[in-house]
Every structure is written in C-alpha cells, then in structure tokens.
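Residue-level structure breakdown
Given next are the chains, with one letter for each unit.
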Amino acid sequence: MSGFDTIIEGVLLGGVYALFALGLSLIFGIMRLVNLAHGDLILLAAYLVLSATTALGLPLAAASLLVVVAMFALGFVLQRLVLERVLGDDILPPLLVTFGLSIVIQNGLLLGYGADSRRLQAGAFESSSVTLAPGLSVGLAPLTALVTAIAAVALLQLIFYRTSLGRAFRATADNPAIAQLMGVNERNVYAIAVGLSLAVSVIAAIVFGIRASFDPSIGPARLLYAFEAVIIGGLGSLWGTLAGGIVLGLAQAIGARINPEWQILAGHLAFLAVLMVRPRGLFPARRT
C-alpha cells in the first residue's frame, strides 16, 4: 500500500506544480515569452491575498477574488507599459526585463513584508482529509489543488477553442502579422494574455500559501518547478503542462520514498531524462 500512497502523493503534488506552470505556459504559447518573474509574481499574489485577509479582514474567498482582479489589471498594464516595448525577434530583451522585474519584486516584498516566513490561514480546510478507499485518505487541500488544476486547464481550453478571444489568441500565436491584417488587435491580445496568466497565478499562490510557508526569496524556486513542468509537458500545451506537473510530482514523491534527501534531485533528473528522450516535451503543442 505504501507504493500506492506514493503515487497518490506524487499526483497530488503534481497538481500544485501544474498550477505553478499554467500561467507560464499560457503566455509562452501565445507570445513566445519566457517570463523569468513568474515565480515572484505568484509570490506577490500570495502576499496580496495575505494583506487582504489580515489588513482588510476579508474572508479568504473574497480576498482571492479581489486579488484575481488586481493581478489581471497588473498583467494588462505590465504588458502595455513594459513588455510591449521589448517584444520582438530577439529573445534577450524580454528575458533581461523579466529578470529585472523579478529582482524588483523580491526586494519590494522584502522591504514591505520583511524576511519572516508567512502562511495563508484556511482554518479546518488545511488539516481536513477525504477518504478515497478503506485505509486510504488524502488531504483535502492537495486534492482540491489537483481538481482545481484540471478545472483551470479545461476552462482555458474552452476559452481557446470555443470563444472569439481564443480564436484571437490562436491567430496571434500562429502569425501576428496576418492576425493584424484580419483585424485582430495584437496589443490587446497580448495584454489580455498576460493579465489572464497573472490571474491564473493567483490560484497557484493560494494553494501554495495554504500548503507551505513563504518568504520573499522563494520565487525563483517556484519558477524552476513551473519551468520544468512546462518543458516536460511540451511548450505551449496546457494539458501537457498538467501532465508535466504530475510527472514532476511523481518523480519527487518516488525520490523522497527512496531517500528524503533525493526528493528535489529526483524531479530534476526526471526533467533531464524527458529532455534527452523527447526534447520538445511529452505533448508539444501543434500549431494550426
């Protein structure tokens, strides 16, 4: 039964990693932009939710909704005022700008909140469990994270393939010049994409903030897990990102079962193994 427990633990952990990675996968699929500030933006969302629940006294659900709106607006403005100026054929300027943004966010959070670890409070939800079978119980929080990751991917897929906004996303991703000739406003599409990416990241921030303590310095580690999940699953593929997160979670859970010190290393080795066998990831997006 211990082996089965390990698989369940790995899949649930993979749901968390998939949530980390969804926003990163989204803007890469549309804009071909690797956002090095992604982990720090997740952390920023976690601190904003913390402030809304403590300083404003809002319930966690209401605070989360408020921060989703705020992060979407931040993403929209960030694209219009900053990222739009550096997007182009050269991938280096966006990398440098997002790296700089990462440093600014880290230092801003350190200045505003200090270096002490914080955690989001969710009451009994944090310790509640669900019985899946006799003798097999799982935590409600990680199970919710997995279900939320699946729902988020399904919703984004629905937006991409069943709405006019999704058609604009796909047209701009395939060929921005032709999309503009067809009346698609590239600036608005990119701004909405970044806003949507940051809004999705709020979900990751809440799940992470409930599961573990956080401080201003851990954003790059979240970026690393997100990046590995995206690469394992296949660049630009949302369902692939979910699969990549689960592969990463399973590798870490199995590594921890063998030796607790191997948990993180096992995930990195799985990432390297997938790259060696499938350089484009397990389920790379197909451009149409």
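Residues numbered from 1 in each chain as written. Predicted model: local features only at pLDDT ≥ 70, side-chain atom pairs only at ≥ 80, totals over all residues. Heavy atoms only, no water.

Going by what an unreviewed UniProt entry lists, the protein chain is known as Branched-chain amino acid ABC transporter permease and is assigned to Bradyrhizobium septentrionale. Comment text from UniProt for the protein chain, heading Subcellular location (unreviewed entry), reads "Cell membrane". In its Sequence similarities (unreviewed entry) section, UniProt records this for the protein chain: "Belongs to the binding-protein-dependent transport system permease family. LivHM subfamily." (UniProt positions renumbered as here; feature names shortened; annotations may be inferred.)

Thoughts on the side chain of Asp-215
By the secondary structure assignment, Asp-215 is in the loop between α8 (186-211) and α9 (219-233). Within the buried core, Asp-215 has no salt-bridge partner, and the shortest N-O distance to an opposite charge, that of Arg-222, equals 8.5 Å. At a separation of 2.4 Å, a polar atom in the side chain of Asp-215 contacts the side chain of Ser-217. The contacts of Asp-215, once residues within four sequence positions are left out, are Leu-43, Tyr-47, Ala-115, Asp-116 and Ser-117. (Helix = DSSP H or I, 4+ residues; strand = E, 2+ residues; numbered from the N terminus. Buried < 20%, exposed > 50% of the residue type's maximum accessible area, 1.4 Å probe, protein only. Lys, Arg positive; Asp, Glu negative; His and termini not counted. Salt bridge = Lys/Arg side-chain N within 4 Å of Asp/Glu carboxyl O. Polar contact = N/O pair within 3.5 Å; in protein donor to acceptor, adjacent residues only side chain to side chain. Contact = heavy atoms within 4.5 Å.)

Here we look at the pairing of strand β2 (residues 136-139)
Only one face of β2 is covered, namely the one carrying Leu-136 and Val-138; the face carrying Ser-137 and Gly-139 has none of its residues buried. Sheet analysis places strand β1 (residues 129-133) next to β2, joined by four bridges and oriented antiparallel. For Ser-129, the partnering residue across the bridge sits in β2 and is Gly-139. (Pairing = 2+ DSSP bridges.)

A short note on the nonpolar core
It is characteristic of soluble globular proteins that their nonpolar side chains tend to be buried jointly. In terms of nonpolar packing, the biggest core is built from 72 residues, with Phe-20, Leu-22, Ile-30, Met-31 and Phe-214 touching the most fellow members. No other element matches α8, which puts 14 residues into this core. (Core = buried A, V, L, I, M, F, W, Y, C linked by side-chain atoms within 4.5 Å.)

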